[in-house]
Amino acid sequence: VLLLVGGWLAFFSPVFETRAVVVEGTSLLTVDQVTAAAAVEMGVPLLRQDVTAVRERVRALAPVREVEVSRRAPDTIAVAVTEREVSFQRRREGEWDWVDADGVVFHRTPEPRPDTIQVTSSSTDERLLRDVAVVAAHIPDALRPQVRRMTAEAVDRITLTLTEGRTLVWGSAEESELKSQVAAALFASTEAEVYDVSAPRHPTTK
């Protein structure tokens, strides 16, 4: 009898009906946007809510990197969102695409965000966006404040323009960890206009 009563209370009675949705972790997205995407049906007992379906609907929003959906007794569905973080921004059609570390375009703004690497590229190749994100993540800390823009004409033609008219030729995203170390050493020891680490075991300057 107790099991039957407990089951009825949990799955069918109005005691644990869904009456609210709580959204946490948003910055780019609004609570209303996430709530609309979640499409949680009110009045359904919590244990009958398909939290997997809710999670997948919210995850489909471009700025969402991860999402957790949970039930909070007695009447709430909680949606915890982790948004994507911008790795660089690319100018396209008069606005600025925000691109994350996976090369995913997840947001657009009419103006660039301060202190974010700006990239010039006419390509729409997803691989190139991923490669640019890899390079952006490996720019030496000492050089990052000096970067004015990146140019990515192809996957093996990625170049950084720095202050004082200096250029850092990176080449492809391959061996970016090594290229980062070599670039840091070159800038610390050599005065030049062009630093080329595209072949990191044989770097050049001029």
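Just above, that's the structure.
Below or above, wherever it landed, is the structure these notes cover. Just so we're clear, the structure is a prediction, and the values are computed from it rather than from any experiment.

**Side note on the sheet that holds strand β2 (residues 64-72)**
One open sheet holds the three strands; their spatial order is β1-β3-β2, and the pairing between them is mixed. The sheet is open, and its two edges are formed by β1 (20-24) and β2, each paired on a single side. Sheet twist, expressed as the average angle between the axes of neighbouring strands with direction ignored, equals 20 degrees. Of the strand pairs in this sheet, β2 and strand β3 (residues 76-83) are connected by eight bridges, and their pairing is antiparallel. Within the sheet, the bridge partner assigned to Glu 68 lies in β3 and is Ala 80.

**A word on the pattern of salt bridges**
Applying the stated criterion across every chain, the model contains 13 salt bridges. The residue Glu 93 makes a salt bridge to Arg 92 at a minimum N-O spacing of 3.8 Å. Owing to a relative accessible area of 29%, Arg 92 belongs among the partly exposed residues under this scheme. In this structure, the salt-bridge partner of Asp 97 is Arg 108, at a minimum N-O distance of 2.8 Å. You can see Asp 97 sitting in strand β5 (residues 95-99) and its partner Arg 108 sitting in strand β6 (residues 105-109), a full eleven residues away along the chain.

**Some remarks on the pairing of β3**
Looking down a regular strand, the side chains alternate between one sheet face and the other. Counted residue by residue, β3 has six buried out of eight residues, so it is predominantly covered. Direction of pairing for β1 relative to β3: parallel, over a ladder of five bridges. What sits directly across from Glu 24, in β3, is Ala 80. A loop of three residues connects β2 with β3, the two strands running antiparallel in sequence.

**Side note on the side chain of Thr 116**
Of note, Thr 116 is situated in the loop between β6 and β7 (118-120). Beyond its immediate chain neighbours, meaning those up to four positions away, Thr 116 contacts Val 86, Phe 88 and Gln 89.

**Thoughts on the side chain of Gln 89**
Relative to the elements of secondary structure, Gln 89 occurs in strand β4 (residues 88-92). A distance of 2.8 Å separates a polar side-chain atom of Gln 89 from the backbone nitrogen of Arg 113. For Gln 89, the residues in contact, after removing those within four places along its chain, are Trp 96, Asp 97, Trp 98, Thr 109, Pro 112, Arg 113, Thr 116, Ile 117, Gln 118 and Val 119.

**Focus on the environment of His 202**
Tracing the backbone through its elements, the reader meets His 202 in the loop between β11 (194-196) and β12 (204-205). Judged by its relative accessible area of 64%, His 202 is exposed. As for His 202 and Val 182, which are separated by 20 residues in sequence, their C-alpha atoms are 9.6 Å apart.

**Considerations on the nonpolar core**
Counting residues in each nonpolar core, the largest one holds 28 residues, and the members touching the most others are Phe 88, Val 132, Met 150, Leu 160 and Leu 168. Sort the elements by how many residues they give to this core and helix α4 (residues 126-137) lands first, with six residues. Dropping the residues within four chain positions of it, Leu 160 is found in contact with Val 135, Ile 139, Val 147, Arg 149, Met 150, Arg 166, Thr 167, Leu 168 and Trp 170. In this structure, Val 23, Ala 38, Val 51 and Val 67 belong to the second largest nonpolar core, which totals 15 residues.

**Focus on the packing of aromatic side chains**
Scanning the entire structure with this criterion turns up two aromatic pairs. Each ring, one from Trp 98 and one from Phe 106, has its centre 6.3 Å from the other, and the planes form 90 degrees; the classification is edge-to-face. Classification of Trp 98 by relative accessible area gives buried; the value is 9%. The buried category is assigned to Phe 106, whose relative accessible area is 4%. Ring geometry for Phe 187 and Tyr 195: centres 3.8 Å apart, planes at 20 degrees, overall stacked. Assigned by exposure class, Phe 187 and Tyr 195 land together as buried.

Basis of the calculations
Residues numbered from 1 in each chain as written. Predicted model: local features only at pLDDT ≥ 70, side-chain atom pairs only at ≥ 80, totals over all residues. Heavy atoms only, no water. Pairing = 2+ DSSP bridges. Helix = DSSP H or I, 4+ residues; strand = E, 2+ residues; numbered from the N terminus. Axes fitted to C-alpha atoms, helices over the stretch in contact; angles between N-to-C directions. Salt bridge = Lys/Arg side-chain N within 4 Å of Asp/Glu carboxyl O. Buried < 20%, exposed > 50% of the residue type's maximum accessible area, 1.4 Å probe, protein only. Contact = heavy atoms within 4.5 Å. Polar contact = N/O pair within 3.5 Å; in protein donor to acceptor, adjacent residues only side chain to side chain. Core = buried A, V, L, I, M, F, W, Y, C linked by side-chain atoms within 4.5 Å. Phe/Tyr/Trp six-rings, centres within 6.5 Å; stacked < 30°, edge-to-face > 60°.

In short, geometric facts, not functional conclusions.
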